[in-house]
Amino acid sequence: MRVMLKTNKDRLVKMAVMGEVVHPSSRGYTVDFEGKPRMGLGMSGIKYNVTVGDLCYGWAEEEHMEPGLSISNRDPNENAALSVLACIGNEVKVVTGEARGAKGYIIGKHGNFMVWLREEDQEKVNIGDKIQVKAWGVGLKIEGFDDVKVNKLSPDLLERMGITVENGRLVVPVVNEFPAYIMGSGYGMWPVTIDYDIQTTCPEVYDELGLKKLRFGDIVALRDQLNWWGRGYYKGAITIGVVIHGWSSHAGHGPGVTTFLSTKSDKIVTKTDPDANIAYYLGIRKKFKK
Amino acid sequence: MIKTNKDKLVVQEVLGKISHPVMIQSRGYVITWDGKPKIGLGIGGIKYNVKVGDPIFGWPEAEYLEPGVALEGIDDRAKGALLNLSCVGNEVKVISGEGKGLKGVVTGKAGYAGAPAHVLAHFSDEDLEKLAIGDRVRIKAEGVGLEIKGFEGKVFNVSPSFLESLDLELEDGELIVPVVKEIPAYAMGSGVGGGAAMSGHWCIQTCPPELVKELGLEDLRIGDLVACRDILMLYGKGYYKGAITVGIIAFGASDRGGHGAGVFAIAVSKEGKIRPRIDPEANVAKYLGLKR
């Protein structure tokens, strides 16, 4: 029997946190997994032609490409609050500059948060403009699923992800699933403030796992991975997350995943859906395949 | 017997100083994989009763327990040279304080982004009593650029004399290396995506307990040689099917999710041209002939 999700969203504090659009930086060449020098562009700034829903793979000289606008807060204490409190799917509003009043969404958390705005609004944004986030989601729980930890996910987005309850389990639509051994940089870190990467180091393996087809915003499942008070291997565990940044040629790096749901139990099952992407769920893009 | 280019290597002095212990969390507790608070002692300083060859498990409240004396750079510029150039087997000489003139030896290297970088040194029990935090040491750094003739892989972090003490063999281009255990890629945790092989470690996950049991990690010791399958520690640290990296366990276990005993690389082949030979005694303490 299918049942809609019930959550404690009415009890969650909704509060403002602020970031500003950050400038890209570059320190010359970095060395890839086989010793070749690479430029490595893609982090921070404003990307006019890369956004959520686009393919991660194939951007020239890309390295951890962040789609849309990248924001953070220059004050370390304030940035810590922004990092912890803001969630994927939260509403944002530009509060300074020519684009003042424009609204959009948080679409990822790397070091920076990534933000989607309408194309015409993004044209008006300048680096340094301030963007306020209506942070909402810390403490979110799904009723009847105490052993499924929820992380970094706005209640609105959770409700739009097409998740159903069948036979006492959450059925989550995902684009693809990945085994534990392929998880890379960000391993061992705190799921609340940083993503971790699906490694795109070994060509044989990234072809086998279909990594070239991944899109920014895709919902994916990570097998034998537990993302609770840290992140690591746990046999039989499963973690659901969203792809938030692009490919890497550095050993142990690749498209980043912000993790949403994680359990040691058998309370999460997946079903394959090529449209399981937050761009579709947030009403930014239409379905990819029809 | 293997042949190397040891006669061509630069031998140079790098300076270090004895570090102070540091806490992973400066205020409060670290949180374990299953949500429990823990103090997390073990990084930095002088350990009077923990040495290379001791078990990675069983030390209360310990995280990343570093054996012996943990050395750090004398300043921000010098610390990179200390970490990159020092090699296991290099001589360490105390050049200030009560222990001036005493000699020890490099046994390991630890550190990656977010954690302090340390070169780990062994001194005898008697000599440890004369050392103090802040004392300066000089290391005769030798080993960077070391190559084994006929082996297409790379060698890191070992002095020529230490490498020779391992009794390596080369058969049809395949290097035969003694190790206590083989570790599958899925057991490798924090440190993935980290920098080049000569700087920093990669953890063998030592939690949850089910994983430790499944892989039989209970008896691992600090200083053990291990072979990591499908693991490439070279120009970075990542998964590469068929690759093999032999490394040394630098420090003790962890209960934080995704963390564990840190391994630094000593021999790497992207093409898998390393054949591990299981030897339960394959430990740095044995090869260096260390005494307590």
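The structure displayed is predicted, hence computed values, not measured ones. (Residues numbered from 1 in each chain as written. Chains lettered and ligands numbered in written order. Predicted model: local features only at pLDDT ≥ 70, side-chain atom pairs only at ≥ 80, totals over all residues.)

Colleague: What exactly am I supposed to notice about the overall build of chain B here?
Modeller: When its secondary structure is counted, chain B shows 5 helices and 17 strands. In summary, chain B has a C-alpha radius of gyration of 18 Å against a globular reference of 19 Å for 292 residues, a match within 12%. Each of the three principal axes of chain B carries a C-alpha extent, and together these read 50 × 45 × 35 Å. In chain B, buried positions account for 57% of the 292 residues. Within chain B, residue pairs in contact and separated by at least 24 positions form 70% of the contacts whose partners lie at least 6 positions apart. (Helix = DSSP H or I, 4+ residues; strand = E, 2+ residues; numbered from the N terminus. Rg over C-alpha atoms; globule rule 2.2 N^0.38 Å. Buried ≥ 20, exposed ≤ 12 C-beta atoms within 10 Å, placed from the backbone. Contact = placed C-beta atoms within 7 Å.)

Colleague: Can you walk me through the overall build of chain A in this structure?
Modeller: Across its full length, chain A holds 5 helices and 17 strands. Seen through its C-alpha atoms, chain A measures out along the principal axes to roughly 50 × 45 × 40 Å. When each of the 290 residues of chain A is scored for burial, the buried share is 54%. Expressed as a percentage of contacts within chain A between residues at least 6 apart in sequence, the contacts between residues at least 24 apart total 68%.

Colleague: It is not clear to me how the sheet that holds strand β4 (residues 69-72) of chain A should be interpreted in this structure. Could you clarify?
Modeller: By definition, the strands of a sheet pair up through backbone hydrogen bonds, in either a parallel or an antiparallel sense. All names here are of chain A. Reading around the circumference, β1-β4-β7-β6-β5-β8 is the order of the 6 strands in this closed barrel, with antiparallel pairing throughout. Taking the axes of each pair of neighbouring strands and ignoring which way they run, one obtains an average angle of 45° across the sheet. Relative to strand β8 (residues 130-135), strand β1 (residues 15-21) runs antiparallel, the two sharing 6 bridges. Its bridge partner lying in β8, glycine 19 is registered against isoleucine 131. Contacting β1, β4 and β8, helix α1 (residues 76-85) runs over the sheet at an angle of about 115° to β1. (Pairing = 2+ DSSP bridges. Axes fitted to C-alpha atoms, helices over the stretch in contact; angles between N-to-C directions.)

Colleague: What should I look at first to understand the domain arrangement of chain B in this one?
Modeller: A common measure of how large an interface is: the accessible area buried when the components associate. All names here are of chain B. Split into domains, chain B comes out as domain 1 (9-141) and domain 2 (154-288). Taking only C-alpha atoms, the centre of domain 1 and the centre of domain 2 are 20 Å apart. Counting from both sides, the interface comprises 34 residues of domain 1 and, opposite them, 37 residues of domain 2. Breaking the side of domain 1 that touches domain 2 down by element, the ones donating at least two residues are α1 (76-85) and β6 (103-110). Split by residue class, the side of domain 1 that touches domain 2 holds 20 nonpolar, 9 polar and 5 charged. (Domains from an automatic or database assignment. Nonpolar A, V, L, I, M, F, W, Y, C, P; charged D, E, K, R; others polar.)

Colleague: Looking at this structure, how should I read the pairing of strand β14 (residues 219-227) of chain A?
Modeller: Regular strands show a simple pattern: their side chains alternate between the two faces of the sheet. Residue and element names in this part refer to chain A. Counting buried positions over the 9 residues of β14 gives 7, a clear majority of the element. In the sheet, strand β12 (residues 176-178) pairs with β14 via 3 bridges, with the strands oriented parallel. When the sheet's bridge partners are listed, glutamate 177 is paired in β14 with alanine 221. Sheet analysis places β14 next to strand β15 (residues 231-243), joined by 8 bridges and oriented antiparallel. Considered in β15, the bridge of asparagine 227 is made with arginine 231. In textbook terms, the turn of a hairpin is the stretch between consecutive antiparallel strands, and for β14 and β15 this stretch comprises 3 residues.

Colleague: Looking at this structure, how should I read the interface of chain A and chain B?
Modeller: The interface of chain A with chain B comprises 31 residues on the first partner and 30 residues on the second. Among the elements that line the side of chain A that touches chain B, the one with the most residues is β15(A), at 5 residues. For the side of chain A that touches chain B, a count of residues per class yields 14 nonpolar, 11 polar and 6 charged.

Colleague: Before we go on, may I ask you to explain the environment of Arg27(B) in this structure?
Modeller: With respect to the helices and strands, Arg27(B) occurs in the loop between β1 (12-18) and β2 (30-31). The spatial distance from the C-alpha of Arg27(B) to the C-alpha of Cys228(B) is 35 Å, given a sequence separation of 201 residues.

Colleague: Explain the domain arrangement of chain A to me, please; I cannot follow it from the model alone.
Modeller: Residue and element names in this part refer to chain A. The domain boundaries assigned to chain A delineate domain 1 (12-135) and domain 2 (149-281). The straight-line distance from the C-alpha centre of domain 1 to that of domain 2 is 20 Å. Looking at the side of domain 1 that touches domain 2, the element that brings in the most residues is strand β6 (residues 103-109), giving 3 residues. Classifying every residue of the side of domain 1 that touches domain 2 by side-chain character gives 14 nonpolar, 9 polar and 7 charged.

Colleague: Would you mind showing me how to read α1(B) here?
Modeller: For an α-helix, 3.6 residues make a turn, and residues three or four places apart therefore share a direction. What α1(B) keeps buried is the set Lys79(B), Leu82(B), Leu83(B), Asn84(B) and Leu85(B). For α1(B), the elements touching its buried residues are β1, β4 (69-72), β6, β7 (118-122) and β8 (136-141) of chain B.

Colleague: Could you clarify how one ought to interpret the nonpolar core in this entry?
Modeller: Looking at soluble globular proteins, one finds that nonpolar side chains tend to be buried together. One finds Ile106(A) and Val115(A) to be the most contacted residues of the largest nonpolar core, which totals 179 residues. Once you skip the residues sitting within four places of it in the chain, Ile106(A) turns out to touch Ala86(A), Cys87(A), Ile88(A), Gly89(A), Asn90(A), Val92(A), Phe113(A), Val115(A) and Val133(A). (Core = buried A, V, L, I, M, F, W, Y, C linked by C-beta atoms within 7 Å.)

Colleague: What is the right way to look at α1(A) in this model?
Modeller: The complete set of buried residues in α1(A) reads Leu82(A), Ser83(A) and Leu85(A). In this structure, the buried side of α1(A) is in contact with β1 and β8 of chain A.

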